[in-house]
Amino acid sequence: MKVKILISMILVLCVFIWLSGCDQKQKNNNVGENIEDISLNPVYPENIAFDDYQNKNNRFDENPIEQDFMDSLENFSFDTAAKIFTSLENNSKNTSYSPVSLYMALALAATGAESQTKDEMFSLLQINGKDTDYLSAQTGNLFRRLYFSNEIGSLKIANSLWLKQDMTFKKDFTDNAVANFYSSIYNVDFSNSGTAKLMGKWVSDNTNKLISPDIQIDSNTILAILNTAYFKDQWTDAIDEKVTKKDKFYLDDNSDNSVECDFMTAYGELYTTGDGFISSCLGLKNGGNMIFVLPDKGIKIDDLLNSPDRLNVALDLNNAKSARVTFTIPKFSYGNKLDLTDTLKSFGMTKAFSGGADFSAMTDNAAFISAVNQETHVAIDEKGVEAAAFTSIIMAGCALPAEQMDITLDRPFIYFITDRDDVILFMGAVYNPSEN
């Protein structure tokens with residue numbers, strides 16, 4: 001009798017184990033729907049209320065950033081933007097780009113690099129002579145200073161590491177990714193079609209559904225680094241929707257070549273004139289600015305983008321002139337995709353894309369970067385700005401003054417979105433605001 005009971009218990013246990021295995025297999029097959037089952041998420045900085053200026057200042061003081069690092073980030077932004085915006089593929093097309101998103105993703109990858117691969121990546125990031133600890137610490141402080149989420153808006157930067165399951169990655173690398181880059185960690189099967197869906201869902205969730213990418217991976221993928229940047233803020237001074245009206249936007253110097261779009265009227269207090277341009281800005285409630293740079297007639301956008309010195313003048317609000325600036329600004333909403341692989345190679349970062357890449361600080365297995373892409377979306381209206389960026393690095397194994405100033409953005413122009421530290425979060429060129 002006891003034997004029969006024992007056999008019955010064993011049979012029940014076997015059935016339970018079998019059912020559990022089926023349930024786990026079902027979860028794995030539906031990986032795109034079960035993000036919480038396999039994630040390890042970091043603890044983000046605490047949210048600070050919009051009007052809590054003391055704690056805002058405390059966060060800045062607690063996370064110092066060296067001026068050399070800020071200069072490196074700015075130079076990286078201008079140098080890469082000049083390549084991207086003046087390339088044949090993007091010429092005369094609405095284009096947006098997030099330097100800080102690309103920088104974060106590359107910096108995270110660079111913390112796993114060694115030897116020539118590391119040297120080339122550090123050179124691109126413009127931190128020659130520095131070490132991985134410096135890059136990690138400065139990037140971590142930058143992350144914490146940029147991050148905010150309150151009743152007015154938010155700037156949320158998110159990173160994630162997608163690691164091939166059953167493959168060993170070094171603990172120092174992953175621990176640093178969580179501590180200084182606030183990375184979520186996922187161990188996944190890249191041969192499972194559900195993994196790409198899960199990665200796309202992660203991007204969509206972290207960009208407020210503005211970007212829902214079709215991510216390309218295959219069984220040779222061993223690691224993917226994803227970065228998102230989501231920004232939303234309100235104008236310091238609200239724009240009256242009642243005065244928005246349709247008018248012409250001239251696509252080039254030919255007065256007959258124009259499109260009709262909605263123009264908003266806004267008011268600013270600063271402007272700068274420089275070699276071939278005029279610029280001004282609208283303030284944002286969380287301390288940042290949206291800076292508009294209008295080339296003089298006969299001056300092309302490319303001429304300015306290829307001259308960082310001129311753009312530095314345009315972005316330097318400290319030396320701007322004071323005036324009552326009346327803005328006429330076209331509403332726009334558009335997005336674009338960028339393949340950045342060739343751009344990065346053109347700066348000398350070639351080893352990382354080759355079979356001889358050295359990412360031994362990341363893993364003892366062979367690893368190289370197979371693709372770097374970015375997708376962005378930027379929109380402005382009477383309420384404010386909403387922008388999102390997604391960067392992926394796929395790795396395989398193997399009182400008003402008297403002066404009056406009117407600025408009408410009725411021809412192609414450039415814009416920058418900056419934070420209170422003047423970090424360039426997004427930048428773009430608008431050639432046709434009527435195109436979505």
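Residues numbered from 1 in each chain as written. Predicted model: local features only at pLDDT ≥ 70, side-chain atom pairs only at ≥ 80, totals over all residues. Heavy atoms only, no water.

**Q** Please set out the overall build of the protein chain residue by residue, giving values where relevant.
**A** A tally of regular secondary structure across the protein chain gives 11 helices and 17 strands. Each of the 436 residues in the protein chain was classed as buried or not, and the buried ones make up 54%. (Helix = DSSP H or I, 4+ residues; strand = E, 2+ residues; numbered from the N terminus. Buried < 20%, exposed > 50% of the residue type's maximum accessible area, 1.4 Å probe, protein only.)

**Q** Now, about the side chain of Thr376: what can you tell me, with residues and values included?
**A** If you trace the backbone, Thr376 turns up in strand β13 (residues 367-380). Look at Thr376 and you get buried, because its relative accessible area is 3%. Ignoring any residue separated from it by four or fewer positions in sequence, one finds Thr376 in contact with Ser96, Tyr97, Ser98, Ile211, Tyr334, Gly335, Asn336, Ala388 and Ala389. (Contact = heavy atoms within 4.5 Å.)

**Q** Account for helix α10 (residues 308-315), with residues named and values stated.
**A** Among all positions of α10, only Arg310, Leu311, Ala314 and Leu315 are buried. In a view along the axis of α10, the buried residues occupy a sector of 135°, so they form one face of it. On its buried face, α10 sits against α3 (67-85), β9 (277-283), β10 (289-295), α9 (301-305), β16 (413-418) and β17 (424-430). (Arc of directions from axis to C-beta.)

**Q** Describe helix α5 (residues 115-124), listing the residues and the values that go with them.
**A** For α5, the full list of buried residues reads Thr117, Lys118, Glu120, Met121, Phe122 and Leu124. The inward-facing, buried residues of α5 abut α3, α4 (99-110), α6 (132-146), α11 (341-346) and β13.

**Q** Break down the packing of α4 against α5 for me, citing the residues and quoting the values.
**A** Where α4 meets α5, the axes come as close as 10 Å, and the angle between the chain directions of the two elements is 155°. One element, α4, and the other, α5, form an angle in the roughly antiparallel class. The way α4 lies across α5 gives a crossing that is left-handed. On α5, the residues that touch Leu106, Ala109 and Ala110 of α4 are Met121, Phe122 and Leu124. Within the contact of α4 with α5, the residues separate by chemical class into six nonpolar, no polar and no charged. (Axes fitted to C-alpha atoms, helices over the stretch in contact; angles between N-to-C directions. Parallel < 35°, antiparallel > 145°, perpendicular 65-115°, else oblique. Left-handed = near helix turned anticlockwise from the far one by under 90°. Nonpolar A, V, L, I, M, F, W, Y, C, P; charged D, E, K, R; others polar.)

**Q** Can you lay out the packing of aromatic side chains for me, pointing to particular residues and giving the numbers?
**A** The final tally for this structure, using the stated rule, is 16 aromatic pairs. Ring centres of Phe143 and Tyr182 lie 4.5 Å apart, and the angle between their planes is 15°; on these two criteria the pair is classed as stacked. Here the residue Phe143 occupies a position in helix α6, and Tyr182 occupies one in the loop between α7 (171-181) and β5 (183-188), the gap between them amounting to 39 residues. An aromatic cluster of at least three residues, connected via ring pairs, comprises Phe249, Phe292, Phe327, Phe332, Tyr334, Phe413 and Tyr415. The lysine or arginine in question, Lys118, covers the ring of Phe122, its NZ or CZ lying 5.3 Å from the ring centre. Over the ring of Tyr267 we find Arg324; its NZ or CZ atom is 4.4 Å from the centre of that ring. (Phe/Tyr/Trp six-rings, centres within 6.5 Å; stacked < 30°, edge-to-face > 60°. Lys NZ or Arg CZ within 6 Å of the ring centre and 35° of its normal.)

**Q** Which residues make up empty space enclosed by the protein, and what values go with them?
**A** As a volume, the largest cavity reaches approximately 220 Å³. Taken together, 20 residues line the largest cavity, and the ones lying closest to its centre are Arg145, Leu146, Tyr147, Phe148 and Arg420. Elements with a minimum of two residues in the lining of the largest cavity: α2 (53-62), α6, β3 (148-149) and β6 (221-234). (1 Å grid on protein atoms, 1.4 Å probe; cavity = no way out; pocket = protein on both sides within 12 Å on 5 of 7 lines; lining within 4 Å. Points joined across faces, edges and corners; volume = space filled by probe spheres on them.)

**Q** Explain the pairing of β9 to me, using residue names and the numbers behind them.
**A** The element β9 is extensively covered by neighbouring structure, given that six of its seven residues are classed as buried. Note: strand β8 (residues 258-274) against β9, four bridges, orientation antiparallel. Of the residues in β9, the one forming a bridge with Thr273 is Ile278. Once β8 ends, the chain turns through two residues before running back antiparallel as β9, passing Gly276 with a positive phi of about 90°. For β9 and β10, the ladder comprises seven bridges, and the chain directions are antiparallel. Residue pairing across strands places Leu282 opposite Met290, the latter belonging to β10. (Pairing = 2+ DSSP bridges.)

**Q** An account of the pattern of salt bridges is requested, with residue identities and associated values reported.
**A** Under the counting rule described, the total for this entry stands at nine salt bridges. Put simply, Glu382 and Lys331 hold a salt bridge, and the shortest N to O gap is 3.4 Å. Residue Glu382 is located in the loop between β13 and β14 (384-397), and its partner Lys331 is located in the loop between β11 (321-330) and β12 (332-339); the two are separated by 51 residues in the primary sequence. Residue Glu382 is classed as buried on the basis of its relative accessible area of 8%. Residue classification places Lys331 among the partly exposed residues on the basis of a relative accessible area of 27%. Put simply, Lys201, Asp205 and Lys209 are held in one network by salt bridges that share partners. (Salt bridge = Lys/Arg side-chain N within 4 Å of Asp/Glu carboxyl O.)

**Q** Before we move on, can you summarise the environment of Asn55 with the specific residues and values?
**A** By secondary structure assignment, the location of Asn55 is in helix α2. Within the structure, the side chain of Asn55 is placed 2.6 Å from the side chain of Asp52, a separation counted as a polar contact. (Polar contact = N/O pair within 3.5 Å; in protein donor to acceptor, adjacent residues only side chain to side chain.)

**Q** Tell me about the confidence of the model for the protein chain, residues and numbers included.
**A** Chain-level pLDDT for the protein chain is 88 on average; 89% of the residues reach the 70-or-more range. Per-element confidence in the protein chain is highest for α4, whose mean pLDDT is 98, and lowest for helix α1 (residues 2-29), whose mean pLDDT is 40. (pLDDT = per-residue confidence, 0-100.)

**Q** Can you lay out the packing of α3 against α4 for me, pointing to particular residues and giving the numbers?
**A** At their nearest, the axes of α3 and α4 sit 10 Å apart, and the two run at 115° to each other. What the angle tells us is that α3 and α4 run roughly perpendicular. Considering how the two elements wind past one another, α3 and α4 form a crossing that is right-handed. Residue-level contacts link Phe69, Ser72, Leu73, Phe76 and Ser77 of α3 to Pro99, Leu102, Tyr103 and Leu106 of α4. Within the contact of α3 with α4, the residues separate by chemical class into seven nonpolar, two polar and no charged.

**Q** So, unusual backbone geometry: which residues are in play, and what are the values?
**A** Phi is positive for Ser115, close to 50°, though the residue is something other than glycine. Tracing the backbone shows Ser115 in helix α5. We classify Ser115 as partly exposed; its relative accessible area is 42%. Of note, Lys209 is a non-glycine position whose phi angle comes to about 70°, a positive value. By relative accessible area, Lys209 is classed as exposed at 56%.

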